[in-house]
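# Residue-level structural notes
Here is how the chains run, residue by residue.
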Amino acid sequence: MSENKQTLWNPMVHPGDPNARNHIQIVKGDGNYVQNREGNWLVDGVGGLWNVNAGHNRSEIKDAIKAQLDELEYFQIFDGISHPRVLELSDMIIEMTKPEGMAKVMFSSGGSDAVETALKVARQYWKAIGQSQRYKYISLKQGYHGVHFGGASVNGNTVFRTNYEPMLPGCVHIDTPWLYRNPWNCENPEELGHLCAKQLEAEILFQGPDTVAAFIAEPIQGAGGVIVPPANYWPLIRAVCDKYGVLLIADEVVTGFGRSGNMFGVRGWGVAADIQCFAKGINSGYIPLGATVINERVAQGIENCQSFTGALMHGYTYSGHPVACAAAIANLKIVQDEDLPANAAVQGQDMLTKLTNALSDFPSVGELRGMGLMLAIDLVTDKTTREPIDPMSGFANKIAAVAMREGVIVRPVGTKIILSPPLTIGTEEVDKIVYALQKGFSEIDR
Ligand code: PMP
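On a predicted model such as this, the values are computed, not experimentally measured, just so you know.

### Concerning the environment of Phe 107
With respect to the element layout, Phe 107 can be found in strand β4 (residues 102-108). Overall, the presence of 27 C-beta atoms within 10 Å leaves Phe 107 in the buried class. Here the alpha-carbon distance between Phe 107 and Trp 269, two residues 162 residues apart in the chain, equals 26 Å. Each residue touching Phe 107, except ones within four places of it in the same chain, is listed here: Val 86, Gly 290, Ala 291, Ser 319 and Gly 320.

What follows is the structure, encoded as structure tokens:
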């Protein structure tokens, strides 16, 4: 094993980046903590990568994985074949998404897959009901939907697109419902909700309503910087989509299964999407798994199509992988039995309050925001103008390095520091995270 990473290329970083976190090597995990190569146990303030919702080293999940390996390590689900775990899990997901009216599940291996599936199913739906001219997607300028060509095409941030262009034709982007920074300088949440919904309507009309397949967005933006929309946003967006027949795709890869403080992100706004994308928290990352869940409208449209257009020519060797499904079943039992969404709501609120008290006065802390256990610290050069810090300055990395020294892993992302710990955390871990960040800012942000 090469100690200096001669053979590994890490995602999302330039191979020669001096700010890369090459010194971090994680060797073990347990509960809300992970251990680094030096033997220190650190609070996992990032929950792996927004995904280790039930915590590390859960015997219930590990035992389910081991039992499944002994029973059936793998078999395909193409052409009508199935196995017990994939049937059990799809029933479980449909039961859990009953309030959202979901009907069918398509499995894959992660979030990018789940988004790709959603985008393709949306187009297939329109073809199946005889409206093949509906092929366009509308998404948000700061949204993140993974790295496949479909997801990257609807991604907002250009950094995910420019190196790989040309992207998919027919993808247009509108503004994010972000109170702190928006093109209207609007600071009234209610008004902002209306402005954003009006912009969606204007874009649909501009494109031609009969050319738009779907609007895709995260219920709460994660990678874009944890942006929580106003209370009226999702109901208004749903109404605009309904007015023009546009499908609503909720990318719940981060928000699915409890992270936002509700079982699903859209549930927090009392809204149902037509398609939901899941991964990450579906099985807390123990084995890669993605799922795309489709409501009755979309399912019926495709099922009722009598031609080959109704055939699902989309799926992966690892669709419904039995070991990943077994991990998910055990994980979702924990999520429900321990009511992890409720713990995420309580601990998230506590952490946001404590962070606000501890950090608000530091000159570089622009905004502290979040919902449930998705939190972000927005870093600025000027609190009044809200000018973001230079993302190349390494400032966020320096704060993260001090936090690490103090026993906490946080995630520096350009102009933000992101927190997304396991949903099992308690006051002890919250206090350690707050203390470590306070130390970081008091040393770096003077
Ligand atoms: N959608 C969202 C909202 C995400 O946050 C992510 C990953 N962070 C993805 C899709 C892509 O998931 P994956 O990395 O598992 O492909």
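### What about the sheet that holds strand β9 (residues 275-278)?
Read from one edge of the open sheet, seven strands run β4-β10-β9-β8-β7-β5-β6, paired in mixed fashion. Every interior strand has two partners, whereas the edge strands, β4 and β6 (171-174), have only one. Here the strands of the sheet are splayed against their neighbours by 20° on average, with no regard to which way each runs. In terms of strand pairing, strand β8 (residues 247-251) meets β9 through three bridges, oriented parallel. From the neighbouring strand, Ala 250 faces β9, where its bridge partner is Gln 276. Across the face of the sheet, helix α3 (residues 84-96) comes into contact with β4 and β10 (290-295) while running at roughly 135° to β4. Strands in contact with helix α6 (residues 189-207) are β5 (136-140), β6 and β7 (212-217); relative to β6, the strand with the most contacts, it is inclined by about 155°.

### Remarks on the pairing of strand β1 (residues 26-30)
Pairing analysis gives four bridges linking β1 to strand β2 (residues 33-36), with the strands arranged antiparallel. Paired with Lys 28 across the strands is Gln 35, a residue of β2. With antiparallel pairing between neighbouring strands as the criterion, β1 and β2 make up a hairpin whose turn holds two residues, including Gly 31 at a positive phi of roughly 60°.

### Here we look at the confidence of the model for the protein chain
Mean pLDDT over the protein chain stands at 97; residues scoring 70 or higher make up 99%. In the predicted complex, the global pTM is 0.98; the interface-specific ipTM is 0.99.

### Here's the deal with the nonpolar core
In terms of nonpolar packing, the biggest core is built from 124 residues, with Ala 122, Phe 215, Leu 247, Ile 249, Ile 275, Ala 327 and Leu 437 touching the most fellow members. Two domains share this core, each providing at least three of its residues, namely domain 1 (26-54 + 339-444) and domain 2 (62-337). With residues up to four places along the chain from it excluded, the contact list for Ala 327 reads Ile 61, Ala 64, Ile 65, Asn 283, Tyr 286 and Ile 287.

### Digging into unusual backbone geometry
Pro 166 follows Glu 165 through a cis peptide bond whose omega is 5°. Residue position: Pro 166 is located in the loop between α5 (149-154) and β6. At Ser 284, a position not held by glycine, the phi torsion is positive, near 55°. Tracing the backbone shows Ser 284 in the loop between β9 and β10. Using a count of 30 C-beta atoms within 10 Å as the deciding quantity, one classes Ser 284 as buried.

Reading the values: rules and limits
- Residue positions within a chain follow its written sequence, with the count starting from 1.
- Reporting of local features is limited, given that this is a predicted model, to residues whose pLDDT is at least 70; pairs of side-chain atoms are given and counted only at 80 or more, and all residues count toward the totals for whole chains, interfaces and linings.
- Numbering of helices and strands runs from the N terminus; a helix is a DSSP stretch of H or I covering at least four residues, while a strand is a stretch of E covering at least two.
- Exposure is read from a count of other C-beta atoms within 10 Å of each residue's own; the residue is exposed at 12 or fewer, buried at 20 or more and partly exposed in between. C-beta atoms are placed from the backbone.
- Residues are defined as contacting one another if the C-beta atoms placed from their backbone atoms lie within 7 Å.
- DSSP-based pairing: two strands are paired if at least 2 bridges between them are found.
- Think of each axis as a best-fit line through the C-alpha atoms, taken over the contacting stretch in the case of a helix, with angles from 0 to 180 degrees between the N-to-C directions.
- pLDDT is defined as a per-residue confidence score from the predictor, taking values between 0 and 100.
- Note on terminology: a nonpolar core is any set of buried Ala, Val, Leu, Ile, Met, Phe, Trp, Tyr and Cys residues joined through C-beta atoms within 7 Å.
- Just so you know, the domain bounds were taken from an automatic or database domain assignment.

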